[in-house]
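One letter stands for each residue in the lines below.
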Amino acid sequence: GAVVSQHPSRVICKSGTSVKIECRSLDFQATTMFWYRQFPKQSLMLMATSNEGSKATYEQGVEKDKFLINHASLTLSTLTVTSAHPEDSSFYICSARDPRTTYYNEQFFGPGTRLTVL
Amino acid sequence: AQSVTQLDSHVSVSEGTPVLLRCNYSSSYSPSLFWYVQHPNKGLQLLLKYTSAATLVKGINGFEAEFKKSETSFHLTKPSAHMSDAAEYFCVVSGKGNNLFFGTGTRLTVIP
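Treat the numbers as computed from the prediction; the structure is a model and nothing was measured. (Residues numbered from 1 in each chain as written. Chains lettered and ligands numbered in written order. Predicted model: local features only at pLDDT ≥ 70, side-chain atom pairs only at ≥ 80, totals over all residues. Heavy atoms only, no water.)

Please explain the state of the cysteines as it appears in this structure.
By definition, a disulfide links two cysteine residues through a covalent bond between their sulfur atoms. All names here are of chain B. A full pass over the atoms with the stated rule returns two disulfides over all chains. Residue pairing for Cys-23: its cysteine sulfur links by disulfide to Cys-91, the two sulfurs lying 2.0 Å apart. The chirality of the disulfide connecting Cys-23 with Cys-91 is left-handed, given an S-S dihedral of about -65 degrees. Of the two residues, Cys-23 is situated in strand β4 (residues 23-26) and Cys-91 in strand β10 (residues 87-94); the sequence distance between them amounts to 68 residues. (Disulfide = S-S within 2.5 Å. Helix = DSSP H or I, 4+ residues; strand = E, 2+ residues; numbered from the N terminus.)

What follows is the structure, encoded as structure tokens:
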């Protein structure tokens, strides 16, 4: 099946710094990737849809200048949390659609990145 | 519009007894439905999916779910719980377009 990886799995940073999280589709080309945020004991909330070669589409309430998304290739999307603050601490999960299974709208999820901002 | 309601935030069962995790959905379109499992600090793993084929869907690890249109339900079941089943379970609906809509999750505890 389709495999999605994320790097790093865990990051701790100081307030005010920027953090980049990578999401890669390992065995397929993903024209569309998604970024989710999950607070402790809560469900996943879609932050943005990342489209290869074009600008990301952000959900209402998500600051596009704070959460920069770049989808430079068919296998890589990056999320950069700029000027991170403690309230940005969360579990960030990416997913990707495999074009071979487009009909079913299935997404394949990465293992997640735990961000802690001190 | 699509939405999902997971009726129980926490379910506790004894090892070896049946598991029932309830999910109701709302969709303006013919939906695709999924159940995902998430172990602590891990990503989501697909258990099973319904895509308008058979209404009884079999998934991995002995789980299955039945799509009931008349009840707008997609409950997840397993005949016999195992300790390794303890995790968070998410019911997810997808309609027209790319987005998935997640339920709030059900935490399954398995008592030895």
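That covers the picture; the talk isn't over yet.
What am I meant to see in the interface of chain B and chain A here?
How big an interface is tends to be stated in terms of accessible area lost as the parts join. The interface of chain B with chain A comprises 22 residues on the first partner and 22 residues on the second. For the pair chain B and chain A, the summed buried surface comes to about 1,700 Å²; carbon and sulfur atoms form 47% of the total. Inspection of the region where chain B meets chain A yields one salt bridge. The shortest N-O distance in the salt bridge between Glu-106 of chain A and Lys-49 of chain B comes to 2.5 Å. Of all the secondary-structure elements, those providing two or more residues to the side of chain B that touches chain A are β5 (32-38), β6 (44-50), β10 and β11 (100-102) of chain B. Top element by residues in the side of chain B that touches chain A is β5 of chain B. It accounts for four residues. Looking at the side of chain B that touches chain A residue by residue, the class counts come to seven nonpolar, 13 polar and two charged. (Contact = heavy atoms within 4.5 Å. Buried area = accessible area lost by both parts, 1.4 Å probe. Salt bridge = Lys/Arg side-chain N within 4 Å of Asp/Glu carboxyl O. Nonpolar A, V, L, I, M, F, W, Y, C, P; charged D, E, K, R; others polar.)

Teacher, can you tell me more about the sheet that holds strand β7 (residues 67-73) of chain A here?
Residue and element names in this part refer to chain A. Reading across from one edge, β1-β3-β8-β7 is the order of the four strands in this open sheet, with antiparallel pairing throughout. Each edge of the open sheet carries a strand with a single partner, namely β1 (4-7) and β7. The sheet shows a mean angle of 20 degrees between the axes of neighbouring strands, direction not considered. Examined bridge by bridge, strand β3 (residues 19-25) and strand β8 (residues 76-81) share six bridges and lie antiparallel to one another. Of the residues in β8, the one forming a bridge with Arg-24 is Leu-76. (Pairing = 2+ DSSP bridges. Axes fitted to C-alpha atoms, helices over the stretch in contact; angles between N-to-C directions.)

What's the story with the nonpolar core in this structure? I'm lost.
Side chains that are nonpolar tend, in soluble globular proteins, to be buried together. Of all hydrophobic cores here, the largest spans 27 residues; its most connected members are Phe-67 and Leu-115 of chain A. Contributions of two or more residues to this core are made by β2 (10-13), β3, β4 (32-38), β5 (44-51), β7, β8, β9 (90-97) and β11 (113-117) of chain A. Excluding residues that lie within four positions of it along the chain, Phe-67 of chain A makes contacts with Arg-37, Met-47, Tyr-58, Val-62, Leu-79, Thr-80, Val-81, Asp-88 and Tyr-92 of chain A. Residues Leu-33, Leu-48, Tyr-50 and Ala-65 of chain B belong to the second largest nonpolar core, which totals 26 residues. (Core = buried A, V, L, I, M, F, W, Y, C linked by side-chain atoms within 4.5 Å. Buried < 20%, exposed > 50% of the residue type's maximum accessible area, 1.4 Å probe, protein only.)

Please explain the environment of Val-92 of chain B as it appears in this structure.
All names here are of chain B. The residue Val-92 is located in strand β10 in this model. Between the alpha carbons of Val-92 and Asn-61 there is a distance of 19 Å; along the sequence they are 31 residues apart. Those residues within four positions of Val-92 in sequence are excluded, and the remaining contacts are Val-4, Ser-32, Leu-33, Phe-34, Tyr-36, Leu-100, Phe-101 and Phe-102.

Just to check I follow, could you spell out the environment of Leu-20 of chain B for this structure?
Residues and elements named next belong to chain B. Examined against the element boundaries, Leu-20 turns out to sit in strand β3 (residues 19-21). Judged by relative accessible area, Leu-20 falls into the partly exposed class, the value being 43%. Separated by 52 residues in the primary sequence, Leu-20 and Thr-72 place their C-alpha atoms 16 Å from one another. Apart from residues no more than four positions distant in its own chain, Leu-20 is found in contact with Val-11, His-75, Leu-76 and Thr-77.

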